[in-house]
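Summary of the model geometry
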Amino acid sequence: MSEHITFRDLGLSEAMLKALEKRGYGYPTSIQKEAIPPLMEGRDVIAKAPTGTGKTFAFGIPMIEHMDPDDPAVQGLILAPTRELAIQIGDELRSLLSFYKGLRVAVLYGGASIGTQIKQLEKNPQIIVATPGRLMDHHKRKNIRFDRIQTVVLDEADRMLDMGFFKDVTKILDMLKNRKNMGLFSATISQEVMTVSWMYQRDEVEITVEPKQEDRPDIDQYSITTTPLAKAETTLRLLRIQGYDRVMIFCNTKHMCQRLCDEFKRAGADADCIHGDIRQSHRERTMQKFHRGQLSILIATDVASRGIDVDDVDCVINYDIPEENEYYIHRIGRTGRAKRKGVSFAMVSNFPEKAKLDEIAKFSSFQITPLLLGDDDVLTVEEVKAPVIRKRFK
């Protein structure tokens, strides 16, 4: 397929082309070029693609194009492993519906009011985005019927099946008697993903998208060397000097996330946090404020790294170096989106953190430039000294 293919070349409707143009998208990413045509033809697809390459549009566009707005039945189903990802997918799909009449999306997930979700379902959405557990709850209560669903997608299938949803997912798939096609989208193809594909897909199109330069976010990556005691103060000073409007800061634990948030608030910063111990309703309010630009600094654990989809995060800070190489990629992928330039900083306060960051840079083929923040508030490139090799005397 040609490198310079446009969305128009993929045979999309005028309503979809207008919505994409409104969002500022002119050219499909690799996964979109590969996945949209077979899904438009109603074929099964199993796709391995890294996060941040545009998977939601890859399955969302064909699903919307197949919907009949005059039919009030649920026709499309997307399963996601977490409430944050379900909300994000719902928002992305709604952004594509600007020029469609009569198409609706409902998002169902645990930890939120069943009553509010029932009201969404009473509006007869054609597309449902759901976590498996909450979808089963609604089905048992007879709030939703599966008999008219034609297209189903499992997003982040590896993560969903790894989280123990295998039984729920297969039970749901067994109930979709009139399903015409199925998409499996995953960062890795695990044994469980292969099993689901073998059980439920027929003559599937296999797609593997490697991280390409044009698909990777355009992010300048830096590390800042500090001390454990000065870490929070250095981070706050960096933000004040740089003057970013919208920043995400990631911590590895709920405790550190809350502690840093409290410190920032005491210092007068416009900050809030989301982590697993905060009530879902409060988390959603915080996320909405961040979406709308009413909150400058959002401090989060990895529970939110895949779940917040804001196109113009100016900067991402890894306050803690993540335990997993993949998490670093997910985190910094919140900036440098929609063809904008992004920037990320990793705060390094001890040798294990430096060793971990070096491993991440090597694993991801990233260039992470080490900086120092001087007392005069000037950032300078840190000179990394070569290790001294001592000669052994015989």
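For the structure given in this document, a descriptive report is provided here.

**So, the pattern of salt bridges**
- In this structure the tally under the stated criterion is 16 salt bridges.
- For Arg283, the salt bridge identified is with Glu84, shortest N-O distance 2.2 Å. In this pair, Arg283 is assigned in helix α11 (residues 280-292) and Glu84 in helix α4 (residues 83-95), connecting sequence segments 199 residues apart. With respect to burial, Arg283 and Glu84 carry one shared label: buried.
- When the shortest N-O distance is used, the salt bridge between Lys231 and Glu353 registers 2.9 Å. In this pair, Lys231 sits in helix α9 (residues 231-242) while Glu353 sits in helix α13 (residues 351-364), placing the two residues 122 residues apart along the sequence.
- Where salt bridges share partners, they join Lys231, Asp320 and Glu353 into one cluster.

**Thoughts on the nonpolar core**
- Membership of the largest hydrophobic core comes to 43 residues, with the highest contact counts inside it found for Leu12, Ile31, Ile61, Ile64, Ile78 and Phe185.
- Counting residues per element, the ones that place at least two in this core are α1 (14-23), α2 (30-40), β1 (45-48), α3 (55-66), α4, β3 (105-108), β4 (127-130) and β7 (205-208).
- By residue number, the principal contributor to this core is α3, which donates 6 residues.
- Every residue in contact with Ile78, bar those within four places of it in the chain, is listed here: Phe59, Met63, Ile89, Leu93, Ile127, Ile128, Val129, Ala130 and Val153.
- Membership of the second largest hydrophobic core comes to 29 residues, among which are Leu79, Leu154, Leu173 and Met182.

**Points about the sheet that holds strand β9 (residues 247-250)**
- Read from one edge to the other, the open sheet built from 8 strands follows the order β10-β11-β9-β12-β13-β8-β14-β15, with strand pairing classed as mixed. The sheet terminates laterally at β10 (271-274) and β15 (379-381), the two strands that pair on one side only. The mean angle between the axes of side-by-side strands here comes to 30 degrees, regardless of whether they run parallel or antiparallel.
- Relative to strand β11 (residues 297-300), β10 runs parallel, the two being bridged by 4 bridges. Counted as the bridge partner of Asp272 is Leu298 from β11.
- The sheet contacts of α11 involve β9, β10 and β11, and relative to β10 the element is tilted by about 130 degrees.
- Sheet contacts for helix α12 (residues 325-332): β8 (218-225), β9, β12 (315-318), β13 (341-348) and β14 (368-373); angle to β12, the most-contacted strand, approximately 150 degrees.

What counts, and where the lines are drawn
- Residues numbered from 1 in each chain as written.
- Predicted model: local features only at pLDDT ≥ 70, side-chain atom pairs only at ≥ 80, totals over all residues.
- Heavy atoms only, no water.
- Salt bridge = Lys/Arg side-chain N within 4 Å of Asp/Glu carboxyl O.
- Helix = DSSP H or I, 4+ residues; strand = E, 2+ residues; numbered from the N terminus.
- Buried < 20%, exposed > 50% of the residue type's maximum accessible area, 1.4 Å probe, protein only.
- Core = buried A, V, L, I, M, F, W, Y, C linked by side-chain atoms within 4.5 Å.
- Contact = heavy atoms within 4.5 Å.
- Pairing = 2+ DSSP bridges.
- Axes fitted to C-alpha atoms, helices over the stretch in contact; angles between N-to-C directions.

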